[in-house]
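Architecture and fold: a report
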Amino acid sequence: MPVATTCDHPDRIDGAAMKDANKGELLNDKAFQALVEALRSGSLRNGQFLSMSQLVDQLDYPIAPVREAVKYASSQGFLTTVPKRGLQVMEASPENIRECLDVRLVLDQEGARRRISQGNLEGLDALRRRHEVMRDEVRTGPAASLPPKAIEVDLSLHTYLGEGLGNSLLSAAYAANRIRIAVIQHARPFLADRIASAMDEHLAVIEALETRNEAAAVQALKYHCEQTLRWWGVP
């Protein structure tokens, strides 16, 4: 029986190659998601240096997909490659903090404008209740258990505004910036005093959305950004 060649069964060879390519892309995606989760959770800290082999061990994926994940993460500003030192997680420097919050402010304000102009305000009641509960808890409850819950509540408003953009490219930019902000948040976590004031600032935004007052929403978001910069020690 003659041995099959590429010419004999090109469809089989192409199918196998496509399957391998798809498997490689899936691993790349999984490695990148693992990298993102490490940044969000704080297991990769702001300004941290590490080698590629250390990152491979931490993410528990083969080096090839980790390299691809690093390339994409670098293009988004999550990591940089430093000659002779390896990889460095983005730093929570004043410049980075200012730029990340500026990006969020611009997109939040536009999300608020679009929600108001389109009357797309479903879910505000639940959002208000979450913020009021967190505000009350921080005034009466044990402080140690509050920061993780407070971050979830804090993100809920920003998620709501980001979803109001209704544009896949803007949403992708918003999602990438959120990862950068997560790195910054781990550099200086919420304390009880900041949780209370942040909830009040968010509630002012929610009230402006409820009353469909675009100017008030834009101003409340600007004030929230200014207070967050102040909290993080950025003039």
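Residues numbered from 1 in each chain as written. Predicted model: local features only at pLDDT ≥ 70, side-chain atom pairs only at ≥ 80, totals over all residues. Heavy atoms only, no water.

**Overview of the packing of aromatic side chains**
In total, this model carries one aromatic pair according to the counting rule given. Taking 4.9 Å as the distance between ring centres and 80 degrees as the angle between the ring planes, the aromatic pair formed by phenylalanine 32 and tyrosine 72 counts as edge-to-face. Separated by 40 residues along the polypeptide, phenylalanine 32 in helix α1 (residues 10–41) and tyrosine 72 in helix α3 (residues 63–75) bring together distant segments of the chain. Assessed through its relative accessible area of 14%, phenylalanine 32 is described here as buried. Accessibility expressed as a relative area gives 43% for tyrosine 72, which makes it partly exposed. (Phe/Tyr/Trp six-rings, centres within 6.5 Å; stacked < 30°, edge-to-face > 60°. Helix = DSSP H or I, 4+ residues; strand = E, 2+ residues; numbered from the N terminus. Buried < 20%, exposed > 50% of the residue type's maximum accessible area, 1.4 Å probe, protein only.)

**Re the sheet that holds strand β3 (residues 86–89)**
Strand order in the open sheet formed by three strands is β1-β3-β2, with antiparallel pairing between adjacent strands. Both edges of this open sheet fall to β1 (49–50) and β2 (79–82), since each of them pairs with a single strand only. Here β1 runs beside β3; their pairing, made up of two bridges, is antiparallel. Across the sheet, the residue bridging to phenylalanine 49 is glutamine 88, located in β3. (Pairing = 2+ DSSP bridges.)

**Examining the nonpolar core**
Within the largest apolar cluster, 52 residues are counted, with the highest numbers of intra-cluster contacts made by Leu35, Leu44, Leu55, Ile97, Leu209 and Trp232. Ignoring sequence-local partners within four residues, the contact set of leucine 44 consists of Leu35, Ala38, Leu39, Leu50, Leu55, Gln58 and Val89. Judged by nonpolar contacts, the second largest core, of nine residues, contains Met134, Val138, Phe190 and Ala198. (Core = buried A, V, L, I, M, F, W, Y, C linked by side-chain atoms within 4.5 Å. Contact = heavy atoms within 4.5 Å.)

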